[in-house]
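# Overview (structure and organization)
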Amino acid sequence: MSFHSLASAESIPSTRTSVLKAAADHAGEYLRGINARSVAPSADAVAALRELAGPLPSGPATPEEVLDLLARFGSPATVANSGGRFFGFVNGGCVPAAMAAAWLVSVWDQNAAMRVQSPVAITLEETALDWVRRMLGLPEGCGGAVVTGATMANFCGLAAARHALLERAGWDVENDGLFGAPPLTVVIGEEAHSSLIKALGMLGLGRSRVVRVPVDGQGRMRADALPHMNDQTILCLQAGNVNTGSFDPAGAICPEARAAGAWVHVDGAFGLWAAVSPQYRHLVHGFELADSWATDAHKWPNIGYDCGIALVRNPAALKAAMSIQAAYLMQGERREPSHYNPELSRRARGVELWAGLRSVGQSGMAHIVERTCSHARRFAAGLRAAGYQVLNDVVINQALVSFGSAERTLRTVARLQEEGTCWCGSTVWQGHTAMRISVSSWATTEEDVDLSLAAMLKAARD
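Parameters at a glance
- Residues numbered from 1 in each chain as written.
- Predicted model: local features only at pLDDT ≥ 70, side-chain atom pairs only at ≥ 80, totals over all residues.
- Heavy atoms only, no water.
- Helix = DSSP H or I, 4+ residues; strand = E, 2+ residues; numbered from the N terminus.
- Rg over C-alpha atoms; globule rule 2.2 N^0.38 Å.
- Buried < 20%, exposed > 50% of the residue type's maximum accessible area, 1.4 Å probe, protein only.
- Contact = heavy atoms within 4.5 Å.
- Areas by Shrake-Rupley, 256 points an atom, 1.4 Å probe, with all protein chains shown as cover.
- Axes fitted to C-alpha atoms, helices over the stretch in contact; angles between N-to-C directions.
- Parallel < 35°, antiparallel > 145°, perpendicular 65-115°, else oblique.
- Left-handed = near helix turned anticlockwise from the far one by under 90°.
- Nonpolar A, V, L, I, M, F, W, Y, C, P; charged D, E, K, R; others polar.
- Pairing = 2+ DSSP bridges.
- Salt bridge = Lys/Arg side-chain N within 4 Å of Asp/Glu carboxyl O.

### A short note on the overall build of the protein chain
Across its full length, the protein chain holds 13 helices and eleven strands. Computed over its C-alpha atoms, the radius of gyration of the protein chain comes to 24 Å, within 12% of the 23 Å expected for a compact globule of 462 residues. Taken along its principal axes, the extent of the C-alpha atoms in the protein chain is 65 × 65 × 45 Å. The burial tally for the protein chain puts 52% of its 462 residues in the buried class. For the protein chain, contacts bridging at least 24 residues in sequence account for 74% of all contacts bridging at least 6. In the structure as shown, the protein chain presents an accessible area of about 20200 Å², 55% of it carried by carbon and sulfur atoms.

Now the structure itself:
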């Protein structure tokens, strides 16, 4: 059977629909079993991936045969992020509407670069960006981009900052580069996230050529330790420390930075979403005064991978940093996404963002935030009651736990991962080795917390 036989005018529609039905069957079976399996894949399942490796066969296979291979060998080797007991990193789940929309996006096969290529993708992306801006309490008129994640969202915001500050100094960085450019000062907190630092490196601003501000006992930038700032300063704040969940004191810092003429950028990969909750909104006070913001939709909004969002107070700065021109690009007078993000060819992930947000609404998003934060507090309370040390103030959905020595803590984490009821990672924070619990999924239930807490305590005792 040749691949060309699949591509006849008569067979294309039936081939596509039959393979989608097969995919739906496999996906349904996977999701039905997600809570009954170990969160981490077994060693045997990982070893069996060798069946999917090796040389590319000389002949074709039917789509159904390919899907069968993926379901047989791929599904068992996944980490069960779709279930309710994955507490590693800051990984959200995927709400059903966004999951289903991702399938539709693949079927539509749109390039969301320009309006002429996909009016629906651009319309839904723009709508979703405005919904996000409103939910986060940010200024009207912001420019934005839907990107792959917080790394690229930070990249976009910092690129806009680099453009604006150097243009202010009379330098065209997009055309003339950084060779001979007026120097910029970048100020970050001692516990700035690695994705922000990576973005600084990619932009030529330097990973090490930064001024680091001391932090307090929760990882918050100390407002009393800020260096001198001026109109050639980029100040990077954090909304949601990746270890503790703490927030830099933006209300105390932003007015001073703005008075000095500095550009304020916020890395708020998950913490900015506290703004949707009346219970937690006070944590983001002052961040609305910044100039650019980076966040993820595949964390707390639970949109699925990959989806990040950059927002910039002055759209012209973002457009100047990201714009692309070519005679063949049919660009209209309205906003074209290709002018606001690093990609030209890009998946229509804004459709998934629109679908997920439309399905949960403002109140549903607040519920996700509040419920996951409540789960994190329950974890902390249960572990503390058992005599273990919770290292941080559990202000949102992050908890750090020490089981004694570094060796015992790491041993506990390893046993927990191997046992499989839930999955947590380890970290080292302010000299302490800890198990890191991040509750980010809409699918986590109280039963999941109870089962996971029991598994944690057993792993610590054994």
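### Some remarks on the packing of helix H4 (residues 96–108) against helix H11 (residues 349–385)
The interhelical angle for the contact between H4 and H11, taken along N-to-C directions, is 150°, at an axis separation of 8 Å. Classified by the interaxial angle, the pair formed by H4 and H11 is roughly antiparallel. As H4 runs across H11, the sense of the crossing is right-handed. Each of Ala-97, Ala-98, Ala-101, Ala-102, Val-105 and Trp-108 in H4 lies in contact with H11, whose residues at this interface are Val-351, Glu-352, Ala-355, Gly-356 and Ser-359. When its residues are assigned to classes, the contact of H4 with H11 shows eight nonpolar, two polar and one charged.

### Thoughts on the pairing of strand S4 (residues 233–238)
For a regular strand, side-chain orientation follows a simple rule: the groups alternate between the two sheet faces. Burial of S4 is extensive: six of the six residues sit out of reach of the surface. On S4, burial covers both faces: Thr-233, Leu-235 and Leu-237 on one face and Ile-234, Cys-236 and Gln-238 on the other are all buried. Where strand S2 (residues 185–189) lies against S4, three bridges are found, and the strand directions are parallel. Residue Val-187 lies in a different strand from S4, and its bridge partner there is Leu-235.

### A short note on the pattern of salt bridges
All told, the structure shown has 17 salt bridges when counted by the stated rule. Glu-343 is paired through a salt bridge with Arg-349; the nearest N and O atoms lie 3.3 Å apart. We classify Glu-343 as partly exposed; its relative accessible area is 24%. A residue is classified by how much of its surface remains accessible, and Arg-349, at 5% relative accessible area, is buried. One network of salt bridges, in which partners are shared, links Arg-115, Glu-125, Glu-126, Asp-306, Arg-335, Glu-343, Arg-346 and Arg-349.

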